[in-house]
Amino acid sequence: MSEIEVWRIDAPETLPAVLPHGFLFGKEAGIAFDSTAFCLTWMPLLQADLAIILWATVDGKRAASIGGVIGPDLFDGARTLFEAWWYVEDRYRSGGVGRVLFDRFEKEAAAAECKRVTMVHLANVMPERVARIYEAGGYAKIETHYRKEIGCAAASCENYRPTEGDKRTEAD
């Protein structure tokens, strides 16, 4: 039996532990991944206790990660954990690590006094399988999410200038 351990990213300096999964998630999903933008986005959320990021190892090897943002539901104000990604490396899929991570994610949400968890899944990466996992866990399908790229990302725009409240610098 494999040993599964789950770790919580609780400080910005530990955030690089999940960067490989951000890259792999983006590659599999066909979504660009910018590690600098990722860190600059998640660091203040971690510092404000508004993010839950977990990563798991199997027999000491990095295997999976999941992350979400805590905020109010925009319709009823309920404190909600909104999942941003859940990634399990190919060789560990169907091995139980994803389920262990998912269960811990829910427990962390409850400990953070969230009233609900909102999960998403990619349309092009095992949608039926992930939907079955969510539905078996008591989740209801409530929305289909669409995305359209418009303009350029702020971090890559030539004319991007940080605002006064933005912690990024022009050198970033």
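This text follows the structure it describes.
Residues numbered from 1 in each chain as written. Predicted model: local features only at pLDDT ≥ 70, side-chain atom pairs only at ≥ 80, totals over all residues. Heavy atoms only, no water.

K.L.:
Can you walk me through the environment of Glu-13 in this structure?
P.N.:
With respect to the helices, strands and loops of the structure, Glu-13 is situated in the loop between β1 (4–9) and α1 (19–29). Placed 30 residues apart in sequence, Glu-13 and Met-43 show a C-alpha to C-alpha distance of 8.5 Å. (Helix = DSSP H or I, 4+ residues; strand = E, 2+ residues; numbered from the N terminus.)

K.L.:
What is the right way to read the sheet that holds strand β4 (residues 79–88) from this model?
P.N.:
Two modes of strand pairing occur in sheets, parallel and antiparallel, and in both the strands are linked by backbone hydrogen bonds. As summarised here, the arrangement of the five strands in space is β1-β2-β3-β4-β5, forming an open sheet in which the pairing is mixed. What marks the edges here is a single partner per strand, and that holds for β1 and β5 (116–118). Geometrically, the sheet is characterised by an average inter-axis angle of 25° between neighbouring strands, direction not taken into account. Alignment of strand β2 (residues 51–58) against strand β3 (residues 61–72), held across eight bridges, turns out to be antiparallel. Of the residues in β3, the one forming a bridge with Val-58 is Lys-61. Its contacts with the sheet place helix α3 (residues 97–111) against β1, β2, β3, β4 and β5, and it is angled at close to 150° to β2. (Pairing = 2+ DSSP bridges. Axes fitted to C-alpha atoms, helices over the stretch in contact; angles between N-to-C directions. Contact = heavy atoms within 4.5 Å.)

K.L.:
Can you help me understand the pattern of salt bridges in this one?
P.N.:
Pairing of side chains with opposite charge becomes possible as their charged atoms draw close. Per the stated rule, a full pass over the model turns up eight salt bridges. Residue Glu-108 is joined to Arg-8 by a salt bridge in which the shortest nitrogen-to-oxygen separation is 2.5 Å. Remark: Arg-8 occurs in strand β1 and Glu-108 occurs in helix α3; sequence separation between them is 100 residues. A salt bridge links Arg-93 to Asp-90; the shortest N-O distance between them is 2.8 Å. Shared partners join several salt bridges into a network, and the residues in it are Arg-8, Arg-104 and Glu-108. (Salt bridge = Lys/Arg side-chain N within 4 Å of Asp/Glu carboxyl O.)

K.L.:
Got a minute to help me understand the nonpolar core in this structure?
P.N.:
Generally speaking, nonpolar side chains in soluble globular proteins are found buried as a group. Core analysis: the biggest nonpolar cluster contains 25 residues, and Leu-81, Trp-86, Val-97, Leu-101, Phe-105 and Met-119 have the highest contact counts within it. Going through the elements one at a time, β2, β3, β4, α3 and α4 (127–136) are the ones with two or more residues in this core. Considering each element in turn, this core owes the most residues, five residues, to α3. With residues up to four places along the chain from it excluded, the contact list for Phe-105 reads Ile-52, Leu-54, Ile-66, Gly-67, Gly-68, Leu-81, Glu-83, Val-117 and Met-119. Core analysis: the next-biggest nonpolar cluster, separate from the first, contains 15 residues, Leu-15, Phe-25, Phe-38 and Cys-39 among them. (Core = buried A, V, L, I, M, F, W, Y, C linked by side-chain atoms within 4.5 Å. Buried < 20%, exposed > 50% of the residue type's maximum accessible area, 1.4 Å probe, protein only.)

K.L.:
Just to check I follow, could you spell out the environment of Tyr-87 for this structure?
P.N.:
Locating Tyr-87 in the fold gives a position in strand β4. Residue classification places Tyr-87 among the buried residues on the basis of a relative accessible area of 6%. Taking C-alpha positions, Tyr-87 is 6.2 Å from Phe-25, a pair spaced 62 residues apart along the chain. Apart from the residues lying within four places of it in its own chain, the contact partners of Tyr-87 are His-21, Leu-24, Phe-25, Glu-28, Ala-63, Ala-64, Ser-65 and Arg-93. In terms of polar contacts, Tyr-87 uses its side chain to reach the side chain of Glu-28, at 3.4 Å. (Polar contact = N/O pair within 3.5 Å; in protein donor to acceptor, adjacent residues only side chain to side chain.)

K.L.:
What's the story with the side chain of Thr-57 in this structure? I'm lost.
P.N.:
Along the chain, Thr-57 turns up in strand β2. Leaving out residues up to four positions away in the same chain, Thr-57 has contacts with Glu-3, Ile-4, Glu-5, Trp-7, Arg-62 and Ala-63.

K.L.:
I'm lost on unusual backbone geometry in this one. Help?
P.N.:
Most of the time, phi is negative for any residue but glycine, and the peptide bond is trans. Positioned with a positive phi, Asp-59 is a non-glycine residue whose angle comes to about 50°. With respect to the helices, strands and loops of the structure, Asp-59 is situated in the loop between β2 and β3. Judged by its relative accessible area of 48%, Asp-59 is partly exposed.

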